[in-house]
Amino acid sequence: MSFTSTVAVPQLEPAGSVPARPPKPSLPNRIARRLSGLVVQVIALAIMAMWLVPSFGLAAASLRTSADNSSSGWWTVFSRPAQLTLDNYKSLLANETILRSLWNTVLITVPSTLLVVAIGAMAAYALAWLDFPGRDLLFILVVALIVVPVQVAIIPDAKLFNALGIYGSVSAVIAFHVAFGLPFAIFLLRNFFAGIPKDLLEAARIDGGSEFTIFRRVILPIGWPAVASLAIFQFLWVWNDLLVALVFATSDNAPITYALREQMRAFSSNIDVIGPGAFVSMIVPLFVFFAFQRYFVQGVLAGSVK
Amino acid sequence: MQGRASDRLRDGRLIVLLFLGPAMVVLLALVAYPIVNTVWLSLFSSDGSQFVGLGNYNEMFTAPDTRRAILNNTIWVIVAPAVVTSIGLVCAVLTERVRLGTAFKAVLFMPMAISFLAAGVTFRLVYDENPERGVLNAVVVGAHDAFAPPSVYYGMSSRPESDLSAVDGAFLTPEVNAGTPVLIPLVGLPFERLPSDARPASAVPARGLTGTVWLDFLRGGGGTAGVIDPTETGLPGVRVSAIKEGEVIATTTTDANGRFAFPQLSSGGYRIRLDEANFTPPFAGATWLGPTLVTPSIIVAYIWIWAGFAMVLIAAGLASIPREALEAARIDGAGEWQVFRHVTVPLVRPVLIVVLVTMMINVLKIFDLVLVLAPDSSQDEANVIALEMYRVSFGGDLNFGLGSALGVLLFLLVLPAMLFNIRRLRREHT
């Protein structure tokens, strides 16, 4: 049963085994191989360093006072570890704007994720297992919506939310995230649900189960890996969003990305807030990344078309 | 009996409606209808009061800001997907041969988890212009200085009343005669840059062409300009050339007291030159987020974020290549590069195309990273379509007409990708 028709489902594991070498290469050949093997290791280490240094720099900068940060580079922590301090984080915990925006991020992200998963799963079930005219066409239309840029909808949606009196509120941000999360959610879940063996559903139907029972007792338990991947993907998508928040939220209802963006107007003088703030905003995504690596990778890769 | 069948049919329809209804209502109200509405709004003036036909589209392709945004997005689409895919391919091949391949993958993939905002903050620090603070400029300056060390005396100048002339960064005296010590006073060196081996300046006994280069300035002021006052310091290590008829005859270096001597030049007139190399200013690194480099710099940050994604996708494609194909090529005597070029790449081509198309859609919509990474002073130069759409619609102007036109442009640009997705879907379902 294929997870998604878009891409194969790779995992963060060594890809296959190293191919067996042809038998007994000559000595110069073996030396050449060893050398090129060494070169490859060195290149790989250099690449890893290039990928780690920027994040490490942010972490180190967030642990230094703004005076230190403006007078010297973060790498001086190696020669003077004494300059490391938790002061920035302490004042961050006393910073009401940042705390409120972090709470807003949670208030926006959790409902957006739950709603997309719930509404998406129900629609996906209908498109996979209920018979009605125009079903395939409808599915194709939904797939077409996956790549639609939000820019082609934000102005009318802003007007609509304004007319409804929710413009600037958390609900407006949630509504927009749900709308633009659904096409991909439906696509991902429908493909997974459609792969569930028909016998299981038939058996449940013959036992007299209603469609809701089948959905709850058969589809969701079997389809939970796809649901988990989708939930993680959607969660990160919303957690990391800046554009939707900028357009639809007022600063009182704004998530952490918005609040930090405000601080960035004066980057170097606010680095003592921006550095730790950015780091705190990364903790949740990074936790998700390490804790649910497999689902995370599946979700992100399958969602690549978005 | 018939009644029950139509009941069941009605029940069936009701169930479809219950399952599908919420999604359809949301999609129609907040996605589908707004698209149509945006097309409509794009034909009207900024507040929607006046029909302007294609006026906004005309403005979009002629106004400097929007043209710049479209041009930049074109650069993005041409460069970023190709580079991300290439790096992804190289790294995917590396993961198969590297010890700790799993860690390697995790490190490269991790940036996918964080927001563009956090990545933007991260790279603001990397790109800090001051080499004392920004790690990239620190590395660049360090590498540069290793090959071309900065000189000690940069920024120094002659006294306005002196007869030294500044030529191409060097200082040149008028013609002087051997036998008379030449006094070359310079000013403008902060005391903390004075070399530690510098000693009080002193004149040289005249034996041939000789002279003194010194800092003609006293701590706390005082002293006489052009005269070696008792505590004034010589400038050691200055490269001095003697020039006759435009040709360099001899070159030497000043000692700790700032003295130089050309004993071999015993008579005649010469001009003395303090070489340019003494005064080259230190290399300050590049202004990564300044007007000229801002777009390439943001693209590099983008590559940092997405290369891991390309790598994981391509690695999955590589894993599905039959080992026999590679073995056969190796046994036939193909080198590793030939195997890569003629066997591996053609076999993963479908995956490479998926990655490229995905990156193109993604890059067309690039917004957050540009907004966060480009300082306000170079935002115009870094502008892209999605950012310009936000700026004209919500950044103060509230020009919903032009904003809608830009939205429609983005929509049209992703249409080919939409068709690509649908075609792929249909192929897989038949």
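Residues numbered from 1 in each chain as written. Chains lettered and ligands numbered in written order. Predicted model: local features only at pLDDT ≥ 70, side-chain atom pairs only at ≥ 80, totals over all residues.

A word on the overall build of chain B. Assigned secondary structure in chain B consists of 13 helices and 11 strands. Compactness check: chain B gives a C-alpha radius of gyration of 35 Å against a globular reference of 22 Å for 430 residues, more than 25% above the reference. Residue burial in chain B is summarised as follows: out of 430 residues, 41% are buried. (Helix = DSSP H or I, 4+ residues; strand = E, 2+ residues; numbered from the N terminus. Rg over C-alpha atoms; globule rule 2.2 N^0.38 Å. Buried ≥ 20, exposed ≤ 12 C-beta atoms within 10 Å, placed from the backbone.)

Now for the overall build of chain A. Assigned secondary structure in chain A consists of 13 helices and zero strands. Order of helices (α) and strands (β) in chain A, N terminus to C terminus: α-α-α-α-α-α-α-α-α-α-α-α-α. The buried share among the 306 residues of chain A stands at 49%. For chain A, the proportion of contacts with a sequence separation of at least 24, taken over those separated by at least 6, is 76%. (Contact = placed C-beta atoms within 7 Å.)

Turning to the domain arrangement of chain A, a few remarks are in order. All names here are of chain A. Along its sequence, chain A is organised into domain 1 (27–85) and domain 2 (90–305). Each of domain 1 and domain 2 has a C-alpha centre, and the two are 35 Å apart. With eight residues of domain 1 at the interface, the matching set in domain 2 holds seven residues. Counting only elements with at least two residues in the side of domain 1 that touches domain 2, the list comes to helix 1 (27–62) and helix 2 (66–71). The element that contributes the greatest number of residues to the side of domain 1 that touches domain 2 is helix 1, accounting for four residues. (Domains from an automatic or database assignment.)

Much of the literature gives interface size as the accessible area that the parts lose upon coming together. Facing the 82 residues of chain A at the interface are 88 residues of chain B. Counting residues per element, the side of chain A that touches chain B draws most heavily on helix 1 of chain A, which supplies 14 residues. Of the residues in the side of chain A that touches chain B, the class split is 65 nonpolar, 13 polar and four charged. (Nonpolar A, V, L, I, M, F, W, Y, C, P; charged D, E, K, R; others polar.)

Tyr-125 and Leu-189 of chain A together with Ile-314 and Val-370 of chain B are the most contacted members of the largest nonpolar core, which has 185 residues in total. Apart from residues no more than four positions distant in its own chain, Tyr-125 of chain A is found in contact with Phe-193, Phe-215 and Ile-219 of chain A together with Phe-19 of chain B. Core analysis: the next-biggest nonpolar cluster, separate from the first, contains 26 residues, Ala-178, Val-182, Leu-189 and Leu-235 of chain B among them. (Core = buried A, V, L, I, M, F, W, Y, C linked by C-beta atoms within 7 Å.)

Moving on to the pairing of strand 6 (residues 209–215) of chain B. Each regular strand displays side chains that alternate between the two surfaces of the sheet. Residue and element names in this part refer to chain B. Counting buried residues along strand 6, seven of its seven residues qualify, which places the element largely inside the surrounding structure. The alternating pattern of strand 6 places Leu-209, Gly-211, Val-213 and Leu-215 and Thr-210, Thr-212 and Trp-214 on opposite faces, both of which are buried. Inspection of the sheet shows strand 5 (residues 182–187) paired to strand 6 by five bridges, in the parallel sense. In the strand pairing of strand 6, Leu-186 is matched with Leu-215. (Pairing = 2+ DSSP bridges.)

Next up on the list: the packing of helix 8 (residues 198–206) of chain A against helix 9 (residues 211–239) of chain A. When two helices pack together, their arrangement is given by the angle between the helix axes and the distance between those axes. Residue and element names in this part refer to chain A. Axis separation between helix 8 and helix 9 bottoms out at 10 Å; the angle between their running directions is 145°. The chirality of how helix 8 crosses helix 9 is right-handed. Where helix 8 approaches helix 9, its residues Leu-200, Leu-201, Ala-204 and Arg-205 are matched on the opposing element by Ile-214, Arg-217 and Val-218. A per-class count over the contact of helix 8 with helix 9 returns five nonpolar, no polar and two charged. (Axes fitted to C-alpha atoms, helices over the stretch in contact; angles between N-to-C directions. Left-handed = near helix turned anticlockwise from the far one by under 90°.)

We now examine the packing of helix 3 (residues 64–97) of chain B against helix 9 (residues 336–364) of chain B. Residue and element names in this part refer to chain B. Interhelical geometry of helix 3 versus helix 9 gives an angle of 140° and a closest axis separation of 9 Å. Classified by the interaxial angle, the pair formed by helix 3 and helix 9 is oblique. Like other packed secondary-structure pairs, helix 3 and helix 9 cross with a definite hand, here right-handed. Between helix 3, through Asn-73, Trp-76, Val-77, Ala-80, Pro-81, Val-84, Thr-85, Gly-88, Leu-89 and Val-93, and helix 9, the contact on the second element is made entirely by Phe-340, Leu-352, Val-355, Leu-356, Met-359, Met-360, Val-363 and Leu-364. The residue makeup of the contact of helix 3 with helix 9, split by class, is 15 nonpolar, three polar and no charged. (Parallel < 35°, antiparallel > 145°, perpendicular 65-115°, else oblique.)

Let us now look at unusual backbone geometry. Residue and element names in this part refer to chain B. Positive phi, normally seen in glycine, also occurs at Asp-168, with a value near 50°. Locating Asp-168 in the fold gives a position in the loop between strand 2 (165–167) and strand 3 (170–172). The backbone of Glu-245 shows a phi angle near 50°, a positive value even though the residue is not glycine. If you trace the backbone, Glu-245 turns up in the loop between strand 8 (239–244) and strand 9 (247–253). Residue Glu-245 is classed as exposed on the basis of its C-beta count, with 8 C-beta atoms lying within 10 Å.

We now examine the domain arrangement of chain B. For chain B, the assigned domains are domain 1 (63–142 + 287–398) and domain 2 (157–278). Measuring from the centre of the C-alpha atoms in domain 1 of chain B to the corresponding centre in domain 2 of chain B gives 54 Å.

Turning our eyes to something else, we now look at helix 12 (residues 271–291) of chain A. All names here are of chain A. With 21 residues, helix 12 should cover 30 Å at 1.5 Å per step; its first-to-last C-alpha distance of 29 Å lies within 8% of that length. Along its length, helix 12 reaches its greatest deviation from straightness, about 30°, at Ile-283, and the proline Pro-285 lies no more than four positions downstream. Summarising burial for helix 12: 15 of the 21 residues are buried, a large majority. (Expected span 1.5 Å × (residues − 1). Bend = angle between axes of the 7 residues up to and from the residue.)

Glancing now at the confidence of the model for chain A. Averaged over all residues, the pLDDT of chain A is 83; the fraction at 70 or higher stands at 86%. Taken together, the stretch residues 1–20 of chain A has pLDDT below 50 and engages in 53 contacts with residues farther than four places along the chain or on a different chain. (pLDDT = per-residue confidence, 0-100.)

Right, let's talk about helix 5 (residues 135–145) of chain A for a bit. Turning to helix 5 of chain A, its buried residues are Phe-139, Val-142 and Val-143 of chain A. For helix 5 of chain A, the angular spread of buried residues about the axis comes to 100°, placing them on one side. (Arc of directions from axis to C-beta.)

Before going further, it helps to spend a moment on the confidence of the model for chain B. Chain-level statistics for chain B give a pLDDT mean of 85 and a share of 97% at 70 or above. Across the interface, the model reports ipTM at 0.84; the global pTM reads 0.81.

Residue and element names in this part refer to chain A. Along the chain, Ser-62 falls in helix 1. With 129 residues separating them along the chain, Ser-62 and Asn-191 place their C-alpha atoms 44 Å apart. Beyond its immediate sequence surroundings of up to four residues, Ser-62 is in contact with Asn-88, Gly-275, Pro-276 and Phe-279.

Turning next to the environment of Asn-73 of chain B. Residue and element names in this part refer to chain B. Along the polypeptide, Asn-73 turns up in helix 3. The spacing of Asn-73 and Tyr-154 is 81 residues in sequence and 41 Å in space, taken between C-alpha atoms. Apart from residues no more than four positions distant in its own chain, Asn-73 is found in contact with Leu-364, Val-384 and Ile-385.

Further remarks concern the environment of Phe-19 of chain B. Among the structural elements, Phe-19 of chain B can be located in helix 1 (residues 2–41). Look at Phe-19 of chain B and you get buried, because 24 C-beta atoms sit within 10 Å. A C-alpha to C-alpha distance of 48 Å links Phe-19 of chain B and Ala-63 of chain B, two positions 44 residues apart in sequence. If we skip the residues at most four places from it in the chain, Phe-19 of chain B touches Met-122, Ala-123, Tyr-125, Ala-126 and Leu-130 of chain A.

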